[in-house]
Each structure stands twice: as structure tokens, then as C-alpha cells.
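# An overview of the molecular structure
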Amino acid sequence: MKISHFNFALLITLASGILMGLTVAPVGAWFLASIALAPLWVLILKNKGENSSFLMSLAWGIGYHGIALSWITGIHPMTWMGVPWLASLAIALFCWIFITLWGAALVAVWGTCLSWINYKSQIALSPLSRVLIGTAIWCVLERLWSAGPLFWSSLSYTQSPHNLVILHLGQLSGPNAVVAAIVAVNGLLAQSWINGFQFKRKWFIDKYLAIATALLITCHLIGFSLYKLPLAQPPEAALKVGIIQGNIPNTIKLYPEGFRRAIEGYTTGYLTLANQGVDAVLTPEGALPFSQYSIMRSSLVAAVREKGVVAWIGGFDKEQRGYTNSLFTFTKDGEIKSKYGKVKMVPIGEYVPFQEILGGIVKRLSPLDEHQIAGPPNQVFDTPFGRAIVGICYESAFAEHFRRQRGEFILSPSNDAHYSRVMPAQHHAQDIMRAIENDRWTVRATNTGYSAFVDPHGRTLWISGHNTYEVHAETIYRRQTRTLYAQSGDWLTPLLLVLSTLAWCFNFLKRKLGAINQA
């Protein structure tokens, strides 16, 4: 490719990545996901250079993740933490650039692998084989990225919260079922576009366009059949839960004024909900931002003893090694009956990766002076109403974390303060996917919004305002159903890998036999 052509290709891929970025909040143009990856597919398949494929894919990833994750700049200003204004801006920009490049790296690896397999392996792959292999590679990479500490913007969340029908594919094989559908449809559209130029056909009647359309419709029909399944709501499974959205800004949360407002606001909210006859009350992540010993002496726990209504209180579990961001179950005797410690901590924000190397260089973006540690990986959270699935804040992005716990309902306490409406909207979208995948009612309690109640079909029954104090109660239902995903996990990705290997072998043998026949 000439330099000018290559630069033009980079602009195209960057622009199409930005289009994909517009699928999530605040724009929410979810329908663009069906076409926004196709230009990158086309340019990789038409270009034979691995290096150029890497750069084009990187540009697409920067466009997508850069737009989708731009809310991270909301951590600025951090002057309330004692960080100078310019240093705060630099930290915010560094975080944005780093997480953008981390997400873009996934796309860059995908593009390089696809280019190598398509050209350097010296096997003439059929178009359907290319689409199958490309889809499998993307799913494998998303699975690898989601197993690490830094993950948020999976292709699957481009469809949440608006396209609940397609999200029901998550009940079959988790978020990668949705990812596979998006990548495959885009790949087929790309092949249709290429055929239109190669054979001078009217591309709109090309067979690959027909296959892409059929695949998209079929996926939605499967999702719709799951979406329309009735929800059993037996009275004995009912649980009336209240949430309190404290609305305490991070700027004062860990200072005397914040402590005062937290104790007063959560105690008052608890009493209000208890008088409404709720069975339990959920508070946000770190609602009372001190250790369990101080929480037990608080007026909120005194109210629990008085009213006898279970309270799930966010706080910190103090240990000798440090503290764990935790959710506690307090029952009518004012004692802790169960606790859950946050497993997936935010890199830099809650801990410093490679502490021994970077600890003296990188300051955590947290005003807490003490050392935060992760909770055990295989926790269960038993309550007086049965086992609950718990995801504290950032954990909402990790589907496998929710599947593993196998509870009867989901509790999602979060903070989400200090950001614009975009971040909590995306966070809500993540929890909608987790509710659908596990077929569970979900209760979200956040500090500043959005708190919400979500049913197993991903429908939001109630959602709070943003930066408002809220007290609200809804009836949810405990469920013991098991989706295919809950039982078997992500079986689709290994299946795609097997099919891709078979397709590659078939094309390899076909080439060898062709060479023998010609000889």
C-alpha cells in the first residue's frame, strides 16, 4: 500500500472504531455494532501486511475503547486528595490512555493473528473459514482479557441496556455468545463487500450478505424466545428489599462531614424502609467507610437491633495484613452473620500492580492510607434468605465472577461517585447483562447513582436519579433456575476453536490434494 492509502486506511479504521464507541452510554447507538467492525475486517483481508494490520487494528481499538472509556477522566480533579491540579490532570490522562491502549491491544493482536492466518500460513482459506477463525480468535482474546485484572468494554456490552433480546444469548454461553454474533455478522458483511468489488456484483444480493442477515435474525429470534419465557414469581420466594443511595461525594466521604452524613443518612433511610415492612436493606459500597468494629457501634446497627430488619452494609473488614472492601450481613442481634470481600480490585485505584517494583513510583488513586487486599476467590455469601451473588462495583464487568457464586439473587453495591452520568450508566448496563446471564433478580445500591432493581430479563423496574439521595423498595424473587451458561460456562469459545481448527485442516488438505492433482 502507498503511504497515502495506508494513512487513509488508518483514518477509516479509527472512524469505524469511534462508531463502535458510540454504541454505549451516553449515545447508546447499539445498532451500529452490526456494521462498525466490518471496515476493519475488509482492510485486513485486502491487505497482506502483518504490520499494517496491527496498526489498523490498533487504530480501531483506540477509537472504540477511547470513546467508551473516556469517562475515566472524571477522576480529575483530585485536589481534594491533596493532588495538585496539573498532576491530577496528568494522572487522569495517563489512566485514560493506558486503559484505552490495553483494550486496543486486544484488537491489535486479533488483527495480526487474522492477517497471518489468512496470508502467511500459505493456506487459501474459504471466506466462511476466515469468518469462523476470526470470530474464534476474538472470543479467545476476550476470554483471556476478562481473566486478567483490567477489563470493562467487551463488545457484548455494546448491546446493553437497549437490545435485551440479543443479550439473552448470554444465557447460553455468557457474554462471548453476544461477542461471537457481533464479530461474525461484521465478518460476513466484510466478505460481502469484498466480493462486490472483486466480481463486480451487486453486493446487496451477495450470498454472504444473505448469510449475515440470516445470522443476525436467527440470533435475535433465539434471544427473543428466551426473553419471552415467563418469570415464575411464587409468593414464598418473594423478598422485599430496600436500597439507600447516600449521595455522599468522594470529596467529603472520608472526612468528618462525610462520616456524619453517612451515619445520619443511612440510619434515617434504614428506619424509613424498616417502617415500610421490607425484609432487608442494601447500602452501597463503603457506605460506612470504616472497619467492622466501628460499624457495629454505629447508630445504623443500633437501628438494626431495634427494628430487626436485615441490613447489608458496605464497609471495610479490618485484618492484620490490611483491609478488605466488604459487604456485611447484620441481623437483628446486631452481629455479623456473613461477609463478602471484594475480589476484583481496581488496578492503581485500589492497589498497585507489581507493588514491589512500582509501589514507590505510582500512588494509588485512593485517599485511604491503609493497604487494601483482595477477598478470597471462592467466597459464598449466605444470608437469612438464601445464598446471594455479590459483585462490588468493578466486579460487575466480570461475568465468570457472578456465575461461580450460584446464588438465588444478585446484590450489587457500588460507589460510582466522582463521575459524570456516563460511568454509572455503563455500570448499570453491565449489571443488566449479569442479571440476564444468571437468570437472577438484581438489586443495585450505589452512592450517587444509578441505583436500580433489574429483573432476570434485564428489564429495569426502577432506577434512581444521579447525585440524589434516594430511598426505595421493590419486591424481588429468589430463583434456583440454572441457565446453560450458569451450568456449563463459556462452552462456545472452545467449540469455535475446535471448528476453526477443523476448518483450517480442511483447507490445508484441500490445498495439498490440489497440488498433488496438478503434479
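Scroll up to find the structure.
A short tour of the structure in this document, coming up. Please read all numbers here as calculations on a predicted model, not as lab measurements.

### Let's talk about the sheet that holds strand 6 (residues 381–383)
- The strand order 6-7-8-9-10-11 describes an open sheet built from six strands, whose pairing is mixed. The open sheet has two edge strands, strand 6 and strand 11 (460–463), and neither has a second partner. When the angles between neighbouring strand axes are averaged without regard to direction, this sheet yields 25°.
- Note that strand 9 (residues 442–446) and strand 10 (residues 452–454) share three bridges and pair antiparallel. Its bridge partner being in strand 10, arginine 444 is matched across the sheet by alanine 452.
- With respect to the sheet, helix 16 (residues 422–438) is in contact with strand 8 (409–414), strand 9, strand 10 and strand 11, its orientation differing from that of strand 9 by roughly 160°.

### Describing the packing of aromatic side chains
- Tallying each qualifying case throughout the model produces 18 aromatic pairs.
- Ring geometry for tryptophan 60 against tyrosine 64: centres 5.6 Å apart, planes inclined by 45°, an arrangement best described as tilted. Taken together, the residues span about one helical turn, with tryptophan 60 and tyrosine 64 both in helix 3 (residues 50–68) at a distance of four residues.
- Taking relative accessible area as the criterion, tryptophan 60 reaches 0% and is therefore assigned buried.
- Plain terms: the ring middles of tryptophan 441 and tyrosine 477 are 5.5 Å apart, the flat faces sit at 55° to each other, and that makes the pair tilted. Taken together, the residues tryptophan 441 in the loop between helix 16 and strand 9 and tyrosine 477 in strand 12 (residues 470–477) connect sequence positions 36 residues apart.

### With respect to the pattern of salt bridges
- For the structure shown, the criterion picks out 15 salt bridges.
- Between aspartate 317 and lysine 339 there is a salt bridge, with the nearest N and O atoms lying 2.8 Å from each other. Residue aspartate 317 is found in strand 3 (residues 310–318), and its partner lysine 339 is found in strand 5 (residues 336–341); the two are separated by 22 residues along the sequence.
- You can call aspartate 317 buried: its relative accessible area is 4%.
- Assessed through its relative accessible area of 43%, lysine 339 is described here as partly exposed.
- A salt bridge links arginine 459 to aspartate 455; the shortest N-O distance between them is 2.8 Å.
- A single network of salt bridges, built from pairs that share partners, joins Glu257, Arg260 and Glu264.

### Looking at helix 9 (residues 207–227)
- Over its 21 residues, helix 9 runs 30 Å from end to end, which matches the ideal 30 Å to within 8%, given 1.5 Å per residue.
- Within helix 9 the residues assigned to the buried category are Tyr208, Leu209, Ala212, Cys219, Gly223 and Leu226. Projection of helix 9 onto a plane perpendicular to its axis shows the buried side chains occupying an angular sector of 130°, all on one side. Exposed residues on helix 9 whose side chains face more than 90 degrees from its buried face are Lys207 and Leu221.

Cut-offs and rules
- Residues numbered from 1 in each chain as written.
- Predicted model: local features only at pLDDT ≥ 70, side-chain atom pairs only at ≥ 80, totals over all residues.
- Heavy atoms only, no water.
- Pairing = 2+ DSSP bridges.
- Helix = DSSP H or I, 4+ residues; strand = E, 2+ residues; numbered from the N terminus.
- Axes fitted to C-alpha atoms, helices over the stretch in contact; angles between N-to-C directions.
- Contact = heavy atoms within 4.5 Å.
- Phe/Tyr/Trp six-rings, centres within 6.5 Å; stacked < 30°, edge-to-face > 60°.
- Buried < 20%, exposed > 50% of the residue type's maximum accessible area, 1.4 Å probe, protein only.
- Salt bridge = Lys/Arg side-chain N within 4 Å of Asp/Glu carboxyl O.
- Expected span 1.5 Å × (residues − 1).
- Arc of directions from axis to C-beta.

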